[in-house]
Amino acid sequence: MPSPVSSVDPRTGALTEAVVMESTAADVNGAVESAVRAAAGLEALGSHGRAALLDTLAEALENQREALVDVADRETALGAARLNGELARTTYQLRFIADVLRDGRYTGAVIDHAQDTAMGPQPDLRRMLIPLGPVAVFAASNFPFAFSMPGGDVASALAAGCPVIVKAHPSHPATSEAVFSILSRAAAAADAPAGLLTRVHGMVAGQQLVAHPDVKAVAFTGSTRGGRALFDLATGRSEPIPFFGELGSLNPLAVTPAAAAERAAQIGEAWVESFTLGVGQFCTKPGLALVPAGADGDALRDAAVKKTRAVAPAWMLNQGIHDAYQSGVAHLVHVPGAIAHVAGDVRGTEGFAAGAALIEVSTADLAAHTAPLLDECFGPVGIIARYASEDDLLETLRRLDGSLTATVHLAQDETTLPRHLIRIAAERAGRIVVNGFPTGVAVNWAQHHGGPWPSSTNSQHTSVGALSVQRFLRPVAYQNVPDAFLPPELQDANPLELPRRVDGEY
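Residues numbered from 1 in each chain as written. Predicted model: local features only at pLDDT ≥ 70, side-chain atom pairs only at ≥ 80, totals over all residues. Heavy atoms only, no water.

Peer 1: Explain the sheet that holds strand E15 (residues 339-342) here, please?
Peer 2: In a beta sheet, neighbouring strands pair by backbone hydrogen bonds and run either parallel or antiparallel. Strand order in the open sheet made by the 7 strands is E15-E17-E18-E13-E12-E19-E20, with mixed pairing throughout. Pairing within the sheet leaves two strands with one partner each, and these edge strands are E15 and strand E20 (429-434). In this sheet, adjacent strand axes meet at a mean angle of 20° when their direction is disregarded. Summarising the sheet, strand E17 (residues 357-362) and strand E18 (residues 381-387) pair through 6 bridges and their orientation is parallel. Across the sheet, residue Glu360 finds its bridge partner in E18, namely Ile384. Contacts from helix H9 (residues 257-275) reach strand E12 (252-255), strand E13 (288-292), E17, E18 and strand E19 (403-409), with the element oriented near 160° to E18. Sheet strands in contact with helix H10 (residues 295-309) are E12, E13, E15, E17 and E18, and its direction is about 50° off that of E15. (Pairing = 2+ DSSP bridges. Helix = DSSP H or I, 4+ residues; strand = E, 2+ residues; numbered from the N terminus. Axes fitted to C-alpha atoms, helices over the stretch in contact; angles between N-to-C directions. Contact = heavy atoms within 4.5 Å.)

Peer 1: Whenever I open this one, the sheet that holds strand E11 (residues 243-246) confuses me. Can you help?
Peer 2: Taken together, the 5 strands give an open sheet; going across it, the order is E9-E8-E7-E10-E11, and neighbouring strands pair in parallel fashion. Bordering the open sheet on either side are strand E9 (197-200) and E11, each of which pairs with just one other strand. Direction aside, neighbouring strands of the sheet carry axes that sit 15° apart on average. Of the strand pairs in this sheet, strand E8 (residues 164-167) and E9 are connected by 4 bridges, and their pairing is parallel. Its bridge partner being in E9, Val164 is matched across the sheet by Leu197. In the packing of helix H1 (residues 25-44) onto the sheet, the strands contacted are E8 and E9, and the crossing angle to E9 comes to about 165°. Sheet strands touched by helix H5 (residues 152-160): strand E7 (135-138), E8, E9 and strand E10 (217-221). Its angle to E8, the strand with the most contacts, is close to 165°.

Peer 1: Teacher, can you tell me more about the packing of aromatic side chains here?
Peer 2: Where two aromatic rings form a pair, the distance of their centres and the angle of their planes describe that pair. Taken as a whole, this structure holds 8 aromatic pairs when the rule is applied. Relative to Phe282, the ring of Phe143 lies with its centre 5.4 Å away and its plane at 65°, an arrangement referred to as edge-to-face. Placement of the pair is Phe143 in the loop between E7 and H5 and Phe282 in the loop between H9 and E13, with a sequence separation of 139 residues. Taken together, the ring pairs in this structure connect Phe138, Phe220, Phe231 and Phe243 into an aromatic cluster. The ring of Trp315 carries Arg11 above its face, with NZ or CZ at 5.4 Å from the centroid. (Phe/Tyr/Trp six-rings, centres within 6.5 Å; stacked < 30°, edge-to-face > 60°. Lys NZ or Arg CZ within 6 Å of the ring centre and 35° of its normal.)

Peer 1: Would you explain the side chain of Arg50 in this entry?
Peer 2: By the secondary structure assignment, Arg50 is in helix H2 (residues 46-63). With no salt bridge to any partner, buried Arg50 finds its closest opposite charge in Glu489, at an N-O distance of 5.9 Å. Those residues in contact with Arg50, other than ones at most four positions away along the chain, are Leu42, Glu43, Leu45, Leu101, Tyr106, Leu158, Ala159, Ala160 and Gly161. (Buried < 20%, exposed > 50% of the residue type's maximum accessible area, 1.4 Å probe, protein only. Lys, Arg positive; Asp, Glu negative; His and termini not counted. Salt bridge = Lys/Arg side-chain N within 4 Å of Asp/Glu carboxyl O.)

Peer 1: Even after reading the chapter, I still don't get the nonpolar core, so can you show me in this structure?
Peer 2: In a soluble, globular protein the nonpolar side chains are often hidden away together inside. Membership of the largest hydrophobic core comes to 100 residues, with the highest contact counts inside it found for Leu54, Leu57, Leu288, Leu290, Tyr325 and Phe472. Among the elements that line this core, the one with the most residues is helix H4 (residues 80-103), at 8 residues. Those residues within four positions of Leu290 in sequence are excluded, and the remaining contacts are Leu253, Ala254, Val255, Leu366, Ala385, Tyr387, Leu393, Thr396 and Leu397. Core analysis: the next-biggest nonpolar cluster, separate from the first, contains 19 residues, Ala31, Ala35, Phe138 and Ala234 among them. (Core = buried A, V, L, I, M, F, W, Y, C linked by side-chain atoms within 4.5 Å.)

Peer 1: Before we go on, may I ask you to explain helix H7 (residues 203-211) in this structure?
Peer 2: Every α-helix winds through 3.6 residues per turn, so residues three or four apart in the chain are directed the same way. For H7, the full list of buried residues reads Ala205, Gly206, Leu209 and Val210. The arc enclosing the buried residues of H7, seen along the axis, measures out at 140°, which places them on a common side. Looking at the buried side of H7, the elements it contacts are H1, E7, E8, E9, E10 and helix H8 (224-235). (Arc of directions from axis to C-beta.)

Peer 1: Help me out: how do you make sense of the pattern of salt bridges in this one?
Peer 2: Side-chain pairs of opposite charge can arise where the charged atoms are in close proximity. Evaluated as defined, the whole model comprises 24 salt bridges. The partner of Glu86 in a salt bridge is Arg82, with the nearest N and O atoms 3.2 Å apart. One end of the pair is Glu86 and the other is Arg82, both in helix H4 and 4 residues apart, which spans about a single turn. A salt bridge links Arg263 to Glu262; the shortest N-O distance between them is 2.7 Å. Three or more residues joined by partner-sharing salt bridges are found here, namely Asp298, Arg301, Asp302, Glu360 and Arg386.

Peer 1: What exactly am I supposed to notice about the side chain of Arg126 here?
Peer 2: If you trace the backbone, Arg126 turns up in strand E6 (residues 125-131). When neighbours within four sequence positions are excluded, Arg126 is seen to be in contact with Val110, Ile111, His113, Val476, Ala477, Tyr478, Asp483, Leu486, Leu490, Gln491 and Asp492.

Peer 1: Explain the packing of H4 against H5 here, please?
Peer 2: Helix-helix packing is characterised by the crossing angle of the two axes and by the distance between the axes. Contact pair H4 / H5: the axes reach a minimum separation of 10 Å and the direction vectors enclose 25°. In terms of their interaxial angle, H4 and H5 are classed as roughly parallel. Crossing of H4 against H5: the hand is right-handed. Across the interface between the two elements, Gln93, Leu94, Ile97 and Leu101 from H4 touch Gly152, Ala155, Ser156 and Ala159 from H5. The class makeup of the residues in the contact of H4 with H5 is 5 nonpolar, 3 polar and no charged. (Parallel < 35°, antiparallel > 145°, perpendicular 65-115°, else oblique. Left-handed = near helix turned anticlockwise from the far one by under 90°. Nonpolar A, V, L, I, M, F, W, Y, C, P; charged D, E, K, R; others polar.)

Peer 1: Can you help me understand a nonpolar patch on the surface in this one?
Peer 2: Together, Ile422, Ile432 and Val434 line one region of the surface with nonpolar side chains, adding up to about 190 Å² of accessible area. Tracing the backbone through its elements, the reader meets Val434 in strand E20. (Patch = residues over 30% accessible without salt bridge, like charges linked within 9 Å, V, L, I, M, F, W, Y side chains within 5 Å. Areas by Shrake-Rupley, 256 points an atom, 1.4 Å probe, with all protein chains shown as cover.)

Peer 1: Sorry, what's going on with the packing of H2 against H4 here?
Peer 2: For the pair H2 and H4, the least separation of the axes is 8 Å and the interaxial angle reads 170°. As the angle between them shows, H2 and H4 are arranged roughly antiparallel. Side by side, H2 and H4 meet where Ser47, His48, Arg50, Ala51, Ala52, Leu54, Asp55, Leu57, Ala58, Glu59, Leu61 and Glu62 of the first sit next to Leu87, Thr90, Thr91, Leu94, Arg95, Ile97, Ala98, Leu101 and Arg102 of the second. Within the contact of H2 with H4, the residues separate by chemical class into 11 nonpolar, 4 polar and 6 charged.

Peer 1: Please clarify how the pairing of E11 should be interpreted in this entry.
Peer 2: A regular strand places its side chains so that they alternate between the two faces of the sheet. Here E11 shows two buried faces, one formed by Phe243 and Gly245 and the other by Phe244 and Glu246. Two elements, E10 and E11, share 4 bridges in a ladder whose sense is parallel. If you follow Thr221 over to E11, its bridge partner there is Glu246. In the classification by handedness, the crossover that spans E10, the intervening H8 and the parallel E11 is right-handed. (Right-handed = clockwise from strand over helix to strand, strands pointing away.)

Written out as structure tokens, the structure is:
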């Protein structure tokens, strides 16, 4: 029998309401069947019609801002200021993806007319990207708006012309239901195809969703363990499907000796602000700082220790994340050679509250005790690893697993060491930050939010920015197809006025 999915208040740990029942196999099948029926109508809207739909969804969310922030705060304890900012990001993201559709370049439309070449006659060939089909989106625990029911995965899949089935996250089921209701009503009022957005609840339902033969792609944001299990399920099907997973990420931050000499306290304090932001529950949290041995590195560490001690306990998202954080810090504290500067008791006073922690090790310790030092610990803990030389720093960075981001702090006019660091960082991460901090992911044309394993399952694709739409598209070439039977994007008259490459030229 299905169990109730309940809403829990992280501030107290108390259950506040049973929101909905876990989805059954019949529920999952019905949701996917609705998505299948909606696919043709969603694609028929065309890029401009889908852009208008995304604008409509953004407006509907904004009109219910106060109510949405209220319910999300009760379920996540993230606070009204953070949630208002996240909702603003979410509606901006919807409108930005709408602009990507109107621009038209996302289609990748290319036309090569029949012609004689040095290789002989070539046929008329035209290529563009078309929708994959229904997409399963797994909502994230830490972003109830921006990476959940109304988030970037949903926006980019709908933009591509793919109906979406969201597997709601158990950390915020009431928020998910409220958002789903708002988006469904807005889509219906806009005469969008019924079933273009559906949802399911429960872990088993999520597994059934990935295994369903009519689901053609999966987007996931969450833990390495959970993501890997679903990735294996998606690729192990009789018809394997793409799995776009954002998983665990350490996000190293390297400080050159010259940078430490120039502004040790400033870097140390700002690093703590970054790794404790949102109670350390950001996928881009810079969890490992590579800092030089010696007096300048000591000054940076001392500033970080003082700043960490001033961080007040705050509520984590749910019991599981809270307990995993406590366990993770306990393992870090007992690593041979580790110095726990701030980790006497990271328990809070009530509910799922937790305090910040700071652990110091050497780069030799990193090499000797890869686990747990190089495993992501979701929460407000940072590790300072002291390196003995520039070569030690470069070799340590080279040994790290893939991350979403890598950060380099350098001094003014410094050139040689930063050049080596940035080159190595580009091999290990999807976004390189210089003299800044990676928490915060801009939504724009240039963004890449992904990286080598284990930060994501496909480092060639991004879950944020203009190119996020292309995850849910596949190329099709049309050879000698009469103009009347071609998609409008490839017709000679170019009725949509798209930018296209024709016979080699834009």
